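Residue-level listing of the chains:
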Amino acid sequence: MIDGIVELLRGMGITLSHLFKKPVTYQYPEEKRPVRYRFKGRHELKRYDNGLEKCIGCSLCAAACPADAIFVEASENTDAERFSPGERYASTYEINMLRCIFCGFCEDACPTEAIVLEDKYELSFYDRASAIYTKEMLIVPVPEGGQDTPQITEPGMFDRSIPDMENPK
Amino acid sequence: MSDLVTIFVDGIELQVEQGATVVDASKRVDVDIPVFCHHPKLEPVGMCRMCLVEIGMPMRDRATGEPVLEEDGSPQINWGRGLQTGCTVRVADGMRVRTTTDVVDEARENVIEFLLTSHPLDCPICDKGGECPLQNLTMAHGLGESAFDFDSKMQNEKHVPLGELIFLDRERCIQCARCTRFQDEIADDPVIGFHNRGRALEIVTLSDPGFDSYWSGNTTDICPVGALTTADFRFGARPWELIPVASISPHGPEGANITMSTRQEAKSGGRVVIKRIMPRQNELVNEIWISDHTRFVHHFADAADRLTKPLIRKGGVLVETDWDTALTTVAEKLQAAGSSAAGLSGDRPSNEDLFAFQKLFRQGLKSHHIDLAASRIAGGDVTAQVGIASGSNLLDLGRGDVIVVVASDLHEEAPIWWLRVKQAAERGAQLVVLNVRPTRLDKFATHLVHYPVGEAVATVRQLLGAAQISDGASDQIGKIAEAIVGATNVVAFYGYEGLTYAETDVLAKSLANLLQVKNSDGHSHVGRVNNGLIAVWPHNNTQGAWDMGIHPALAPGYQSVDQPGRSAAEIYSGVQDGTVQTLFVMAADPVGDGLMNGRGLLDFLVVQELFLTETAKVADVVLPAQSWAERDGTFTNGERRVQRYYPAIQPVGESRPDWQIIEQIGHKMGLDKPHFAASLVFKKGIAAGVPQYSDMDYRSIAKVEKQYPDVGGEDLYYGGTSYENKHGLGQQWTSAAESGDVAMFTVPDVTPSAAGALPVIRTAALYTPGTLINRSDVLSPRMAQPTLHLHAADADRLSIATGDAVIVSVNGQSLQLSAHVNGAAPQGLALINGVSYAAGVLDAKIETA
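From a predicted model like this one, the values you see are computed outputs, not experimental measurements. (Residues numbered from 1 in each chain as written. Chains lettered and ligands numbered in written order. Predicted model: local features only at pLDDT ≥ 70, side-chain atom pairs only at ≥ 80, totals over all residues. Heavy atoms only, no water.)

**Observations concerning the overall build of chain B**
Secondary structure summary: chain B contains 23 helices and 38 strands in total. Whereas a compact globule of 849 residues would reach a radius of gyration of roughly 29 Å, chain B reaches 29 Å, a difference of no more than 12%. In chain B, of all internal contacts separated by at least 6 residues, the share reaching a separation of at least 24 is 71%. Accessible surface computed for chain B: about 31,200 Å², of which carbon and sulfur atoms make up 49%. Here chain B contributes 72 positive and 104 negative side-chain charges, whose respective centroids are spaced 3 Å apart. (Helix = DSSP H or I, 4+ residues; strand = E, 2+ residues; numbered from the N terminus. Rg over C-alpha atoms; globule rule 2.2 N^0.38 Å. Contact = heavy atoms within 4.5 Å. Areas by Shrake-Rupley, 256 points an atom, 1.4 Å probe, with all protein chains shown as cover. Lys, Arg positive; Asp, Glu negative; His and termini not counted. Charge placed at Lys NZ, Arg CZ, Asp CG, Glu CD.)

**Some thoughts on the overall build of chain A**
Scanning chain A for helices and strands turns up 4 helices and 5 strands. Computed over C-alpha atoms, the radius of gyration of chain A comes to 24 Å, more than 25% over the 15 Å expected from 2.2 N^0.38 for 169 residues, which places it beyond the range of a compact globule. By principal-axis analysis of the C-alpha atoms, chain A measures approximately 90 × 45 × 30 Å. Counted over contacts in chain A with a minimum sequence separation of 6, partners at least 24 positions apart contribute 77%. Averaging the coordinates of the 20 positive side-chain charges in chain A and doing the same for the 28 negative ones gives two points 8 Å apart.

**Side note on the pairing of strand β10 (residues 202–205) of chain B**
Two faces, one strand: in a regular strand the side chains alternate between the faces of the sheet. Residue and element names in this part refer to chain B. Judged from the 4 bridges that link them, strand β9 (residues 192–195) and β10 form a sheet pairing that is antiparallel. The partner of Phe-194 across the bridge, within β10, is Ile-203. Counting the residues that bridge the hairpin from β9 to β10 gives 6 residues, and of these Asn-196 lies at a positive phi of roughly 70°. (Pairing = 2+ DSSP bridges.)

**Comments concerning the side chain of Thr-219 of chain B**
Residue and element names in this part refer to chain B. Along the chain, the position of Thr-219 falls in helix α5 (residues 216–222). Engagement of the side chain of Thr-219 in a polar contact is seen with the backbone oxygen of Ser-216, the distance being 2.6 Å. Not counting residues up to four positions away in its chain, the partners in contact with Thr-219 are Cys-179, Phe-182, Gln-183, Phe-211 and Leu-228. (Polar contact = N/O pair within 3.5 Å; in protein donor to acceptor, adjacent residues only side chain to side chain.)

**A few points about the sheet that holds strand β31 (residues 731–732) of chain B**
Residue and element names in this part refer to chain B. One open sheet holds the 3 strands; their spatial order is β29-β30-β31, and the pairing between them is antiparallel. If you trace the sheet from one side to the other, it starts and ends with β29 (633–636) and β31, each paired once. Direction of pairing for β29 relative to strand β30 (residues 641–645): antiparallel, over a ladder of 4 bridges. Looking at the pairing, Phe-635 lines up with Gln-643 of β30. Relative to β29, helix α8 (residues 351–364) is tilted by about 90°, and along the sheet it contacts β29 and β30. (Axes fitted to C-alpha atoms, helices over the stretch in contact; angles between N-to-C directions.)

**Focus: the domain arrangement of chain B**
Residue and element names in this part refer to chain B. Assigned domains within chain B: domain 1 (4–141), domain 2 (152–302), domain 3 (311–378 + 541–701), domain 4 (380–535) and domain 5 (760–848). Once you take the C-alpha centre of each, domain 4 and domain 5 turn out to be 28 Å apart. Tallying the contact residues gives 13 residues for domain 4 and 16 residues for domain 5. At the boundary of domain 4 with domain 5, total buried surface from both sides reaches about 1,100 Å², with 69% on carbon and sulfur atoms. Put simply, domain 4 and domain 5 have 0 salt bridges between them. Here domain 4 and domain 5 share 2 residue pairs in polar contact (both at pLDDT 80 or more) between them. The residue makeup of the side of domain 4 that touches domain 5, split by class, is 6 nonpolar, 3 polar and 4 charged. (Domains from an automatic or database assignment. Buried area = accessible area lost by both parts, 1.4 Å probe. Salt bridge = Lys/Arg side-chain N within 4 Å of Asp/Glu carboxyl O. Nonpolar A, V, L, I, M, F, W, Y, C, P; charged D, E, K, R; others polar.)

**Considerations on the sheet that holds strand β19 (residues 402–406) of chain B**
Residues and elements named next belong to chain B. Spatial strand order, β21-β20-β19-β22-β23: 5 strands in an open sheet with parallel pairing. Sheet topology places β21 (447–450) and β23 (532–535) at the edges, where each strand pairs with a single neighbour. Averaged over all adjacent pairs, the angle separating strand axes in this sheet is 10°, with direction ignored. Each of β19, β20 (430–435), β22 (490–494) and β23 is contacted by helix α11 (residues 415–426), which is oriented at about 140° to β19, the strand it contacts most. Running at roughly 135° to β21, helix α13 (residues 476–486) makes contact with β19, β20, β21 and β22 of the sheet.

**Thoughts on the packing of aromatic side chains**
Following the criterion strictly, the structure yields 20 aromatic pairs over all chains and no others. Ring centres of Phe-39 of chain A and Tyr-121 of chain A lie 5.8 Å apart, and the angle between their planes is 80°; on these two criteria the pair is classed as edge-to-face. Here Phe-39 of chain A is found in the loop between α1 (2–19) and β1 (43–45), whereas its partner Tyr-121 of chain A is found in the loop between β4 (115–117) and β5 (132–133), with 82 residues between them in sequence. Consider the rings of Tyr-496 of chain B and Tyr-837 of chain B, whose centres lie 5.5 Å apart with planes at 75°: the pair is edge-to-face. Linking Tyr-496 of chain B in the loop between β22 and α14 (501–516) with Tyr-837 of chain B in the loop between β36 (830–833) and β37 (841–842), this pair joins segments that are 341 residues apart in sequence. Overall, the relative accessible area of 6% leaves Tyr-496 of chain B in the buried class. Linked through ring pairs, Tyr-558, Phe-682, Tyr-693, Tyr-698 and Trp-733 of chain B together constitute an aromatic cluster. Arg-234 of chain B extends its terminal NZ or CZ atom over the ring of Phe-167 of chain B, reaching a point 4.6 Å from the ring centre. (Phe/Tyr/Trp six-rings, centres within 6.5 Å; stacked < 30°, edge-to-face > 60°. Buried < 20%, exposed > 50% of the residue type's maximum accessible area, 1.4 Å probe, protein only. Lys NZ or Arg CZ within 6 Å of the ring centre and 35° of its normal.)

**Points about the packing of helix α12 (residues 456–469) of chain B against α14 of chain B**
Residues and elements named next belong to chain B. At a closest axis distance of 9 Å, the pairing of α12 and α14 adopts a crossing angle of 15°. What the angle tells us is that α12 and α14 run roughly parallel. Relative to α14, α12 is oriented so that their crossing is left-handed. For the pair α12 and α14, the contacting residues are Ala-456, Val-457, Val-460, Arg-461, Leu-463, Leu-464 and Ala-467 in the first and Glu-503, Val-506, Leu-507, Ser-510, Leu-511, Asn-513 and Leu-514 in the second. Taken together, the residues that form the contact of α12 with α14 break down as 10 nonpolar, 2 polar and 2 charged. (Parallel < 35°, antiparallel > 145°, perpendicular 65-115°, else oblique. Left-handed = near helix turned anticlockwise from the far one by under 90°.)

**Details of the interface of chain A and chain B**
Contact residues are listed per partner, giving 25 residues for chain A and 28 residues for chain B. The junction of chain A with chain B conceals about 2,100 Å² of combined surface from both sides, 51% of it contributed by carbon and sulfur atoms. Summed over the shared surface of chain A and chain B, the number is 4 salt bridges. At the junction of chain A with chain B, the criterion picks out 12 residue pairs in polar contact (both at pLDDT 80 or more). Contributions of two or more residues to the side of chain A that touches chain B are made by α2 (60–64), β2 (70–76) and β3 (88–96) of chain A. Here the side of chain A that touches chain B is built from residues that sort into 11 nonpolar, 6 polar and 8 charged.

**What about the packing of α12 of chain B against α13 of chain B?**
All names here are of chain B. At a minimum axis separation of 8 Å, α12 and α13 run at an interaxial angle of 65°. Along this stretch, α12 crosses α13, giving a crossing that reads as right-handed. Listed contacts from α13 to Thr-459, Gln-462, Leu-463, Ala-466 and Ala-467 of α12 are Ile-477, Gly-478, Ile-480, Ala-481, Ile-484 and Val-485. Here the contact of α12 with α13 is composed, by residue class, of 8 nonpolar, 3 polar and no charged.

**Here we look at the confidence of the model for chain B**
Note: predicted coordinates in regions of low pLDDT should not be interpreted at a detailed level. Of all residues in chain B, 99% have pLDDT values of 70 or greater, and the mean over the chain is 92. Confidence scores differ between elements of chain B, with helix α21 (residues 716–719) of chain B showing the lowest mean pLDDT of 80 and strand β28 (residues 621–624) of chain B the highest of 97. (pLDDT = per-residue confidence, 0-100.)

**What about the nonpolar core?**
Residue and element names in this part refer to chain B. The biggest cluster of nonpolar side chains holds 117 residues, and the ones touching the most others in it are Phe-36, Trp-215, Leu-410, Leu-431, Leu-441, Phe-493 and Trp-628. Every residue in contact with Trp-628, bar those within four places of it in the chain, is listed here: Ser-247, Ile-248, Pro-250, Ile-258, Met-260, His-298, Phe-300, Ala-301, Phe-635 and Tyr-645. One finds Trp-323, Phe-357, Leu-365 and Tyr-558 within the second-largest nonpolar core, a separate group that totals 96 residues. (Core = buried A, V, L, I, M, F, W, Y, C linked by side-chain atoms within 4.5 Å.)

**Observations regarding the pattern of salt bridges**
Residue and element names in this part refer to chain A. Under the counting rule described, the total for this entry stands at 54 salt bridges over all chains. Here Lys-46 makes a salt bridge to Glu-118, at a shortest N to O gap of 2.7 Å. In this pair, Lys-46 sits in the loop between β1 and α2 while Glu-118 sits in the loop between β4 and β5, placing the two residues 72 residues apart along the sequence. The exposure class assigned to Lys-46 is buried, which follows from its relative accessible area of 19%. Taking relative accessible area as the criterion, Glu-118 reaches 23% and is therefore assigned partly exposed.

**Digging into a nonpolar patch on the surface**
All names here are of chain A. Together, Met-1, Ile-5, Leu-8, Leu-9 and Met-12 make up an exposed nonpolar region whose accessible area comes to about 610 Å². Residue placement: Leu-8 occurs in helix α1. The exposure class of Leu-8 is exposed, given its relative accessible area of 57%. (Patch = residues over 30% accessible without salt bridge, like charges linked within 9 Å, V, L, I, M, F, W, Y side chains within 5 Å.)

**Notes on the state of the cysteines**
All names here are of chain B. In the structure shown here, the tally under the stated rule is 0 disulfides over all chains. The closest cysteine sulfur to the non-disulfide-bonded Cys-37 is located on Cys-48, 3.8 Å from its own sulfur. Using a relative accessible area of 1% as the deciding quantity, one classes Cys-37 as buried. (Disulfide = S-S within 2.5 Å.)

**Comments concerning the side chain of Arg-631 of chain B**
Residues and elements named next belong to chain B. Assignment of secondary structure puts Arg-631 in the loop between β28 and β29. A distance of 3.4 Å separates a polar atom in the side chain of Arg-631 from the backbone oxygen of Gln-626. Those residues in contact with Arg-631 that lie beyond four places of it in its chain are Ser-350, Asp-353, Gln-626, Tyr-645, Tyr-646, Pro-647, Pro-657, Asp-658 and Trp-659.

This is the structure we're talking about:
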């Protein structure tokens, strides 16, 4: 009988102690918890430091996508109007966020590390059409010191789409 | 079959004909020996070393010549000292081939590793990526790692235009020489070649303009890497994203089998568009090749200026209207005109369209006033009798056979036939070329006759006379006649170059009679497989138009009508003098072609078209039709092979199939309800109404069978990216001569068209500007320019030099041309090229501008 009361008090003590601890809940959306390092949120299309797009419009992300959420259409670069290194760039790049399952296969398939699942996760829409993220919505801002695309470039400077491979160590 | 030998491939016993290569023989039992440079249509060279295999032969005792046997009685095999290239070694009796041993695997790994040291591996942006033999074979036989230093990788130019149509990526080239060998051996246009050696080797073009060949697109198909790509498709889509749709070329009488690769595109506003045209294997028709004309002239289907809604003339201008108003108006006007209504059709629409068209007139209006709007060449009734027999294949012609080509430049008019005739000549067939001027076929001709201007008919008559007498005359005509009569098989092509319609009729009948001359064994050259007559029709379905009865005197199936209607010429004159009041024009532009002078005194003109042509501009009602890419149907090629094509893209605007529009008009006039599908028009209309087509339906035309060589299948490395035929080889209808003797034709007399001081003829060019080709921007630099070709002597006399601007007045039209003195024209004859059609020998006035 006494034992029972002791245990009861001990339990209530734990409850009481929590009243004085820092709460683990976050007051979302006023307060946001930073995401983990390997979190897979909304995609971003990356740029090189000079502002050129990393995406070369190869469509391998679309091929890898198990949900068929990505649509890519390529066009040809010229030195007078260059979007990305090499001959090919994505003139249309769309991800249907309603379809995306955030598996990250697109990241794995990308030969230039152009598409990265970043930390944005607030994806809600009033209609289906607005769930389609276009290239303008996905691409990151031009880094400092870089130039926006299309760029006028010197012939022969950027004729390779994929960074050269290194010898295996 | 004495020339079969028995070989063993990986223990599988098989019998193949002598002369086959080990690679091709192994393919028969589905043993794939990997190759890069080998192609079943090309001579083997053994350049890439990918096909290395172990080859052994049974040993024989040197002294006795007897086979040496093992203890168990099996022959002892001498495996030689090393590996041999399977593509260059021909099979021999008792040969053993091992393709899966460790030493073979190691050799393949080494070859792949070596090839990849100079390859950029930019597969993600390469147009071939996904259908690339190098990718596939690397996955199958590559090692995955390399002993070579990546820094030593060769870096070369990636964007080298070989002319306007084909681009070269020097890095990707693996130097297999398939492209240069194709151009040398098959296309006979040796305009590209190797330059330099080793890793600096590159493909260069030797012609101006670059890569000047009608076959250049085929090199991109057979390229085992992405080194050659077409300007038209470059970066258009990835191969796995494309939806293949089987189709038939809408250009030329050969009926080349094609596959349209389509994709829904944001660039095109979400429409499904044709991204590229690729060949589809049909060894009976086009093998695995298509001309660049077929490959690149497809943009008209997606053109922005296509008609999208019916138009009706209100207050003098054409305004958009709805279908019901347009159809009711047309039906009322046609019914009011009744049997005086006239109809003109082009020879491009499908059999279904043409059948519905003649039915509307013959049954709906009781009018026989229907004809082809632009008849260039007669003889559909002749080919129905003695046309090339069903089951024939030009690929089977060779030694002992004769091919006759009269009054046609096949290279410009029907490139696929040019290719096949040329190859037959190379296989040993005797080629007889009769023309008024030199053509590309002359080089392969055994007997070459350049007859004087206006004497095409006379020459063929002479030939016929010599054949009938067969007195062994030693003059050239006598020799030709002897060769033709004595040949195992004879196929005769006739065209219309420099001839009038009436002349081509005589030509067709004279040739038909020539083929019917019996040789000493009592055989004639009609009604037997690989024998007969072929008309070089101007368009894809001229044969079909004849079969469907688009003719004032011939109902479907060549049944003659009691009271023939007006011919096209009579309709045109009737339009001018007011005797023709109501005219229906389908898929033709007589005003634009200069055949009809405006709308004349017509009361009502209805035009059914893809575009607002000159004729449509003066019409009262314009009905928007669907192009061939938007619907299904059948075309009949010049060998009378009926072939199906399938819908690839969505209809443009509110356009409808031709047959449907016509049946809807007919329904409003009291004919049967429109059919639901083209297949039903074929089944219930054509198969029931055209005796020659009675044993056909969409299913029988779509039958396929295994074809050799086995190309275009899953294993891309073997034959390139031509598509496998899964949608039908077509069906040839039997000519009258096959089911019984046909009578000799009575050949009418004809006076050759009059010639002036310097006679002029119009010659065909594959890229002659026109409604369809003008919408393919990629070909615009190659378009045939309006040119006058003169012989040097004539040019001197007229004091005209190359490059001079001249004005040629022909039939009241004056043409602005640029003069060329380059040997294309014989003395005493001028050629005009790159201009719209003009029949016969023209009495033209040539002046310097």
